[in-house]
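Structure at a glance
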Amino acid sequence: MAVFTPLSDAQVAAFLEKFDVGSFVSLQGVAGGTENSTFFVTTDRRELVLTLFEQGEHEELPFFVDLLDYLDEHRLPVPGTIHDREGIALHSLAGKPALLFPRLPGKHPSAPNLAQCQALGHTLGHLHAVSQHFPGHRPNPRDLHWLRAVHHKVLTYISPDDQTLMKNEVDDFESAFSQHGELPQGALHGDLFRDNTLFEGDQLGGIIDFYNGCTGDLLFDLAIVINDWASNEDGSLNAERYTAILGAYQARRPLSADERALWPTMLRMTALRYWLSRLLVVYVDPPAHDLTPHDPERFRTILKARIAFGALPLPEVS
């Protein structure tokens, strides 16, 4: 979240008149983040978040609106979009697509405890259970097809050993996935790092920032979570966090036999996904704004640890 397009109080006050959210009181730009302009808006009735979409495929925004509204209707802690008096959520403000959301409670957990890990696992399991019935469709833009198509773009910027590592991993992924049928499918968050969650103590107040949302392998989403939430500094898996998340998750959605078989591979594949995407931002496609890219080395370290040590055993479903 950041501010790339400034807004005046008068602009926002006029914008809010379309909605039944109360009268404008104050506006605060939100620093941090990489892609969109974000503001906290206070009215005489409630706290809101206003987002202007600065880049990306704007024609895909209706998918995100539909997904958030669907999850909100199923009582997931997500910011369902606020619709105007005519029932319309997606608007234009300052020449940019704009959405208004309720402001969810809580803060990002920098070092989640086991109760927070259990809460996240339980909620993600619930989300995936209901998302299998979501009618929308947006192909996963960072799946194995993407890895195969774009990894060559960074090869000249990395060491010969890393070039070999990356090429061998893509080949291994293709071989492993070709030996199994289609994995359980549904809507994914696609980027469920700790900084896309909000906690009040041990209570999960919200899952935010669904703009990598898509449909595809549910296991892909779960592997992203484990690599961020349950990795130690050296990239190895933290057994307590790992077990807390996966045990709570499987209480809501047990993994299939194919998912269990492919679990170590999916952990490696999602680690490579972030190593590659961060390398692309550093060397090939820098951000449109003057922002510091995330360090690719973090996910190279995680990938190397997954190759060296594999995955910890999956909790058994009782």
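As a convention, each chain's residues are numbered from 1 in the sequence order in which they are written. Residues qualify for local features only when their pLDDT is at least 70, as the model is predicted, and side-chain atom pairs are given and counted only at 80 or more; totals for whole chains, interfaces and linings, by contrast, use all residues. Side-chain numbers come from the whole structure's heavy atoms, not from hydrogens or water.

1. Looking at the packing of aromatic side chains
For clarity, the threshold we go by: Stacked, tilted and edge-to-face pairs are distinguished by plane angle, under 30 degrees for stacked and over 60 for edge-to-face with tilted covering the rest, among Phe, Tyr and Trp rings (Trp via its six-membered ring) whose centres lie within 6.5 Å. Partly exposed describes any residue whose relative accessible area lies between the buried limit of under 20% and the exposed limit of over 50%, with all areas from a 1.4 Å probe on protein chains only and scaled to the type maximum. For a lysine, the NZ atom is tested; for an arginine, the CZ atom; a charge sits over a ring if that atom is within 6 Å of the ring centre and within 35 degrees of the ring normal.
Under the definition given, this model contains 11 aromatic pairs. Ring geometry for Phe15 and Phe19: centres 5.3 Å apart, planes at 50°, overall tilted. With respect to burial, Phe15 and Phe19 carry one shared label: buried. A cation over a ring is seen here: Arg273 above Tyr274, with NZ or CZ 3.9 Å from the ring centre.

2. Structural notes on the pairing of strand β8 (residues 203-207)
As a reminder of what qualifies: Strands are runs of DSSP state E lasting at least two residues, helices are runs of H or I lasting at least four, and both sets are numbered from the N terminus onward. Strands qualify as paired when DSSP identifies two bridges or more between them.
Burial runs high along β8: four of the five residues are buried. Here strand β7 (residues 197-200) pairs with β8 via four bridges, running antiparallel. Across the sheet, Phe199 pairs through a bridge with Leu204, a residue of β8. Hairpin geometry of β7 and β8 is characterised by an intervening segment of two residues between the two adjacent antiparallel strands and by a positive phi of about 60° at Gly201.

3. Some words on the side chain of Ser277
Quick note on the threshold: In protein, a polar contact requires one atom able to donate a hydrogen and another able to accept it; more generally it is a pair of N or O atoms within 3.5 Å, and residues adjacent in sequence count only if both atoms are side-chain atoms.
Here Ser277 is to be found in helix α8 (residues 257-284). Overall, the relative accessible area of 13% leaves Ser277 in the buried class. A polar atom in the side chain of Ser277 sits 2.9 Å from the side chain of Arg273.

4. Examining the side chain of Asp84
Put simply, the rule reads: Within this scheme the basic residues Lys and Arg register as positive and the acidic residues Asp and Glu register as negative, but His and the chain ends are omitted. Salt bridge, as applied in this entry: a Lys or Arg side-chain nitrogen positioned within 4 Å of an Asp or Glu carboxyl oxygen. It only takes one pair of heavy atoms within 4.5 Å for two residues to be counted as in contact.
The residue Asp84 is located in the loop between α2 (61-73) and β4 (91-93) in this model. We note that Asp84 is buried and unpaired, the nearest opposite charge coming from Lys18 at a distance of 6.6 Å. For Asp84, the residues in contact, after removing those within four places along its chain, are Lys18, Phe19 and His91.

5. Quick look at the sheet that holds β4
This is how it is decided: Axis definition: a line fitted to C-alpha atoms, limited for helices to the stretch in contact. Angles are taken between N-to-C directions and run from 0 to 180 degrees.
Across the sheet, which stays open at both edges, the five strands sit in the order β1-β2-β3-β5-β4 with antiparallel pairing between neighbours. On the outer flanks of this sheet lie β1 (24-29) and β4, each paired with one strand and no other. Each adjacent strand pair in this sheet contributes to an overall mean axis angle of 35°, direction not counted. When strand β3 (residues 47-52) meets strand β5 (residues 96-102), the two strands line up antiparallel, connected through five bridges. Its bridge partner being in β5, Leu50 is matched across the sheet by Leu100. Strand contacts of helix α1 (residues 9-16): β1, β2 (37-43), β3, β4 and β5, with the helix running at about 125° to β1, the strand carrying the most contacts.

6. So, the packing of helix α6 (residues 218-229) against α8
Using the following cut-off: Two helices crossing with the near one rotated counterclockwise from the far one by less than a right angle form a left-handed crossing, whereas a clockwise rotation gives a right-handed crossing. Residues are grouped as follows: Ala, Val, Leu, Ile, Met, Phe, Trp, Tyr, Cys and Pro are nonpolar; Asp, Glu, Lys and Arg are charged; every other residue, Gly included, is polar.
Closest axis-to-axis distance for the α6/α8 pair is 8 Å, and the angle between their directions is 65°. Both α6 and α8 take part in a crossing whose hand is right-handed. Facing α6, whose interface residues are Leu218, Leu219, Phe220, Leu222, Ala223, Ile224, Ile226 and Asn227, α8 presents Glu259, Leu262, Trp263, Met266, Leu267, Met269, Thr270, Ala271, Arg273 and Tyr274. For the contact of α6 with α8, the residue count by class is 14 nonpolar, two polar and two charged.

7. As for the domain arrangement of the protein chain
Quick reminder of the rule: The start and end points of each domain follow an automatic or database-based domain assignment. A simple way to read buried area is as the amount of 1.4 Å-probe accessible surface that goes missing from two parts once joined, with both sides added.
The domains assigned to the protein chain are domain 1 (9-102) and domain 2 (114-309). For domain 1 and domain 2, the distance between their C-alpha centres works out to 27 Å. Residue-level contacts link 20 residues of domain 1 with 26 residues of domain 2. Summed over both sides, the interface between domain 1 and domain 2 buries roughly 1,900 Å², with carbon and sulfur atoms accounting for 74% of that surface. Ranking the residues of domain 1 by area buried against domain 2 places Phe63, Tyr70 and Pro77 at the top, with a combined share of 30%. Here Arg138 makes a salt bridge to Glu60, at a shortest N to O gap of 2.9 Å. Connecting domain 1 to domain 2 are three residue pairs in polar contact (both at pLDDT 80 or more). Per element, the largest residue contribution to the side of domain 1 that touches domain 2 is seven residues, and it comes from α2. For the side of domain 1 that touches domain 2, the residue count by class is 12 nonpolar, five polar and three charged.

8. Overview of unusual backbone geometry
The phi dihedral of Arg75 is positive, around 65°, even though this residue is not glycine. The phi angle at Ala94 is positive, at roughly 55°, despite the residue not being glycine. Within the secondary structure, Ala94 sits in the loop between β4 and β5.

9. Some remarks on the packing of α8 against helix α9 (residues 297-309)
This is how the line gets drawn: What sets the label is the angle itself: under 35 degrees gives roughly parallel, over 145 gives roughly antiparallel, 65 to 115 gives roughly perpendicular, and the rest give oblique.
Look at α8 against α9: their axes get within 8 Å of each other, and the N-to-C directions meet at 155°. If you check the angle between α8 and α9, you find them roughly antiparallel. In this structure, α8 meets α9 at a crossing whose hand is left-handed. For the pair α8 and α9, contact is made by Leu267, Arg268, Ala271, Leu272, Tyr274, Trp275 and Arg278 and by Arg298, Phe299, Arg300, Ile302, Leu303, Arg306 and Ile307, respectively.

10. Focus: the nonpolar core
Note the following rule: As used in this record, nonpolar core signifies buried Ala, Val, Leu, Ile, Met, Phe, Trp, Tyr and Cys residues forming a set joined through side-chain atoms within 4.5 Å.
Leu71, Leu147, Met166, Ile226 and Trp263 are the most contacted members of the largest nonpolar core, which totals 81 residues. Looking at this core, the element that brings in the most residues is α8, giving 12 residues. A domain-level breakdown of this core finds at least three residues from each of domain 1 (9-102) and domain 2 (114-309). Ignoring any residue separated from it by four or fewer positions in sequence, one finds Ile226 in contact with Ser231, Leu237, Tyr242, Ile245, Leu246, Trp263 and Leu267. With 15 residues, the next largest nonpolar core counts Phe15, Leu50, Leu52 and Ala98 among its residues.

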